[in-house]
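# Architecture at a glance
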Amino acid sequence: MSKIAVYPGSFDPVTNGHLDIITRAAGVFDQVIVGVLQNSGKQPLFNMDERVQMLKNVTSNLPNVIIDCFDGLLVNYCDKQKATVIIKGLRAVSDFEYEFQMALMNYKLSPHIETLFMMTNSKYSYLSSSMVKEIGRLGGSLDDLIPPSIMTQVFNKVNDLGR
Ligand code: ADP
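As a starting point, this report considers the structure included with it. Since we're looking at a predicted model, the values are computed, not measured.

Definitions and limits used
- Residues numbered from 1 in each chain as written.
- Predicted model: local features only at pLDDT ≥ 70, side-chain atom pairs only at ≥ 80, totals over all residues.
- Heavy atoms only, no water.
- Pairing = 2+ DSSP bridges.
- Helix = DSSP H or I, 4+ residues; strand = E, 2+ residues; numbered from the N terminus.
- Axes fitted to C-alpha atoms, helices over the stretch in contact; angles between N-to-C directions.
- Core = buried A, V, L, I, M, F, W, Y, C linked by side-chain atoms within 4.5 Å.
- Buried < 20%, exposed > 50% of the residue type's maximum accessible area, 1.4 Å probe, protein only.
- Contact = heavy atoms within 4.5 Å.
- Near = heavy atom within 4 Å.
- Polar contact = N/O pair within 3.5 Å; in protein donor to acceptor, adjacent residues only side chain to side chain.
- Nonpolar A, V, L, I, M, F, W, Y, C, P; charged D, E, K, R; others polar.
- Salt bridge = Lys/Arg side-chain N within 4 Å of Asp/Glu carboxyl O.

This part takes up the sheet that holds strand S4 (residues 85-90). The five strands lie next to each other as S3-S2-S1-S4-S5, forming an open sheet whose pairing is parallel. The open sheet has two free edges, formed respectively by strand S3 (65-70) and strand S5 (114-119), since each of these has just one partner strand. Between one strand and the next, the sheet's axes are offset by a mean angle of 30 degrees, whatever the strand orientation. Sheet analysis places strand S1 (residues 4-9) next to S4, joined by two bridges and oriented parallel. Residue pairing in the sheet places Ala-5 in a bridge with Val-85 of S4.

Rendered as structure tokens:
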């Protein structure tokens, strides 16, 4: 039976930190479904189509990675996709408390689904989508923070906001 994992997040926009986790997870699981969250509570800068399209663009070399979006409970989405593993990336201790609580809650809701944490690559431990938007808006370089193929799109979007 193939092992399917879901990697959920806002990906507003996808960063090299996300891509590192996706690539490593794709080496471990038969299939990785990147689930873009519709109901995150945060108002995203990039709409759902843009976030999905950027993820498709940067993962096009990974044949066992699928990009999708979802709404509602993550464990229900995993069941629908026949996924038995949730992948989360951990950057710092500050991520830990919230992720620990979420993992325990998801386990209570669906004990047949495991949450697995992957440590960030140390190069990306400081990297978040909000940092990318902030740096881009302030005119800083996004080299090494996001993949080159989405550079122009991200730069244009964050700067349109300031006008
Ligand atoms: P953010 O807006 O904080 O960048 P997302 O909601 O899009 O994050 O994050 C999706 C998942 O990716 C979460 O599990 C998060 O911990 C993880 N993640 C985000 N950035 C990194 C990074 N630089 N290294 C490793 N994991 C990360």
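That was the structure; now back to the text.
Further remarks concern the nonpolar core. One finds Tyr-7, Val-34, Leu-55, Val-65, Ile-87 and Val-154 to be the most contacted residues of the largest nonpolar core, which totals 36 residues. Contributions of two or more residues to this core are made by S1, helix H1 (16-26), strand S2 (31-37), helix H2 (48-58), S3, S4 and helix H6 (151-161). When near neighbours in sequence (up to four residues on either side) are disregarded, Val-65 contacts Ile-22, Ala-26, Val-32, Val-34 and Thr-59.

Relative to the helices and strands, Val-6 resides in strand S1. C-alpha separation for the pair Val-6 and Asn-39, spaced 33 residues apart in sequence, amounts to 16 Å.

The buried fraction of H1 is high, at nine of eleven residues. Restricting attention to buried positions, one finds in H1 the residues Asn-16, Gly-17, His-18, Leu-19, Asp-20, Ile-21, Ile-22, Ala-25 and Ala-26.

Lining the immediate surroundings of the ligand are 17 residues, of which Tyr-7, Phe-11, Gly-89, Thr-120 and Tyr-124 lie closest. Within the side chain of Tyr-7, a nitrogen or oxygen atom sits 2.6 Å from an oxygen atom of the ligand. The backbone of Leu-127 places a nitrogen or oxygen atom 3.0 Å from a nitrogen atom of the ligand. Looking at the shell around the ligand, the elements with two or more residues in it are S1, H1 and S4. Tallied by class, the residues present in the shell around the ligand amount to six nonpolar, eight polar and three charged.

A full pass over the atoms with the stated rule returns six salt bridges. Here Asp-12 and Lys-133 are joined by a salt bridge, their closest N and O atoms 2.8 Å apart. Here Asp-12, found in the loop between S1 and H1, pairs with Lys-133, found in helix H5 (residues 129-137); they are 121 residues apart in sequence, far enough to count as distant. Residue class for Asp-12 comes out buried when judged on its relative accessible area of 5%. Accessibility expressed as a relative area gives 14% for Lys-133, which makes it buried.

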